[in-house]
Amino acid sequence: MIKDDDTLLSAIYDGDRTAFDILFKRYYAVLCTYACRFVSLEDAEEIVQNLMVNIWEKRASIRISSSLKQYLFRSVYLGSLNNISQNETKKRIEKIYYDSIIDNEYFDTYQLKELNKRITKAVSDLPESYKEVFIMHRHDNLSYKEIAEKLNISPKTVDYRIQQALKILRTQFKDYLPLMLLLYKAGS
C-alpha cells in the first residue's frame, strides 16, 4: 500500500487506478466533512466527487505544486464557495424574475391559474421515472439522497432524472421556468 501522498500522487499521474482508489478512500470522508462546514452534505459530496473525478480525468495535465492534502482542502474550500455563490445567485434571479412577473399587470389571477394548470399537465406528462423524482424533489422537498434511498437508486441517477425533467419542461415553458417551478411548488 502506498503510504505517503507524494508517491500516491506520482502513481496517479502515471494512471495507476489503485493509487487513485487509495486517494479516494483516504480523503473522501474527511473532505466531505470539511465541506459540510460550508454547504449541505449533498452539495459537499458532489463537490468532493467532482474534485476526485477531475483529478483522475486531468491527471496527465494537472500538476500540484503544494502538498496533495493542501491542494485537496483548498479545492474543496473554493468549490464550496462557488457552490454557495451559485445557489445565492440562482435564488436572487428567481426572486427578481418572480417579483417582476407578479408585479406585472399582464399576469392576472386567471392567467396564473391557467399557467398552473399547464404546468401540472406538463409534469404529469413527463416520463414516469422523471416525474416521480421531480415531484419528490420539488413538491415533497426531499433531497437527492433521500429520494435515492427511497427508490433504491444512486443520487447521480436522481440528479440525471431531475435534469432531464427540467430539460423537457424548459423547452415547453422556456419563458416561464422560474415562475413555473415556484407555482408548481406552491400550487401542489
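Residues numbered from 1 in each chain as written. Predicted model: local features only at pLDDT ≥ 70, side-chain atom pairs only at ≥ 80, totals over all residues. Heavy atoms only, no water.

Chemist: When you look at the overall build of the protein in this model, what are you seeing that I'm missing?
Modeler: A count of helical and extended segments in the protein gives nine helices and zero strands. Reading the protein from its N end, one meets helices and strands in the order α-α-α-α-α-α-α-α-α. In the protein, the proportion of contacts linking residues at least 24 apart, taken out of those at least 6 apart, comes to 64%. Accessible surface computed for the protein: about 11600 Å², of which carbon and sulfur atoms make up 51%. (Helix = DSSP H or I, 4+ residues; strand = E, 2+ residues; numbered from the N terminus. Contact = heavy atoms within 4.5 Å. Areas by Shrake-Rupley, 256 points an atom, 1.4 Å probe, with all protein chains shown as cover.)

Chemist: Help me understand the packing of aromatic side chains in this model?
Modeler: Aromatic rings considered in pairs are described by the distance between their centres and by the relative angle of their planes. Scanning the model with the defined rule gives five aromatic pairs in all. Measuring from ring centre to ring centre gives 4.7 Å for F24 and Y28, while their planes differ by 20°; the resulting arrangement is stacked. With F24 and Y28 both in helix α2 (residues 17-35), this residue pair falls four residues apart, about one helical turn. Consider the rings of F38 and Y77, whose centres lie 5.4 Å apart with planes at 75°: the pair is edge-to-face. Remark: Y77 occurs in helix α4 (residues 68-103) and F38 occurs in the loop between α2 and α3 (41-57); sequence separation between them is 39 residues. By relative accessible area, Y77 is classed as partly exposed at 28%. These aromatic residues form a ring-pair network of at least three members: Y34, F38, F73 and Y77. The ring of W56 carries R17 above its face, with NZ or CZ at 5.6 Å from the centroid. Directly above the ring of W56 sits R59, whose terminal nitrogen or CZ lies 3.9 Å from the centroid. (Phe/Tyr/Trp six-rings, centres within 6.5 Å; stacked < 30°, edge-to-face > 60°. Buried < 20%, exposed > 50% of the residue type's maximum accessible area, 1.4 Å probe, protein only. Lys NZ or Arg CZ within 6 Å of the ring centre and 35° of its normal.)

Chemist: I would appreciate a short explanation of the packing of helix α6 (residues 128-138) against helix α7 (residues 144-151) in the present structure.
Modeler: To characterise two packed helices, one gives the angle between the axes of the helices and the distance between these axes. Contact geometry for α6 and α7: axes closest at 10 Å, N-to-C directions at 135°. By the angle class used here, α6 and α7 are oblique. Crossing handedness for the pair α6 and α7: right-handed. Facing α6, whose interface residues are E132, V133, M136 and H137, α7 presents Y144, I147, K150 and L151. Along the lines of polarity and charge, the residues of the contact of α6 with α7 split into five nonpolar, one polar and two charged. (Axes fitted to C-alpha atoms, helices over the stretch in contact; angles between N-to-C directions. Parallel < 35°, antiparallel > 145°, perpendicular 65-115°, else oblique. Left-handed = near helix turned anticlockwise from the far one by under 90°. Nonpolar A, V, L, I, M, F, W, Y, C, P; charged D, E, K, R; others polar.)

Chemist: What is the right way to look at the side chain of D43 in this model?
Modeler: Residue placement: D43 occurs in helix α3. Ignoring any residue separated from it by four or fewer positions in sequence, one finds D43 in contact with N83 and N87.

Chemist: I'm lost on helix α1 (residues 5-13) in this one. Help?
Modeler: What sets the pattern is the α-helix's 3.6 residues per turn: residues three or four places apart point alike. What α1 keeps buried is the set D5, L8, L9, A11 and I12. Across the axial projection of α1, the buried residues extend over an arc of 160°, all falling on one side. Capping the start of α1 is the job of one residue whose side-chain oxygen sits 3.3 Å from the backbone nitrogen of D6: D4. Following α1 by one or two positions, G15 adopts a phi angle in the positive range, close to 85°. (Arc of directions from axis to C-beta. Polar contact = N/O pair within 3.5 Å; in protein donor to acceptor, adjacent residues only side chain to side chain.)

Chemist: Before we go on, may I ask you to explain unusual backbone geometry in this structure?
Modeler: With the exception of glycine, most residues fall at negative phi, and the peptide bonds are largely trans. Backbone geometry at N141 places phi at a positive 60°, although glycine is not the residue there. Even without glycine at this site, N152 takes up a positive phi of about 60°. Position of N152 among the secondary structure elements: in the loop between α7 and α8 (155-172).

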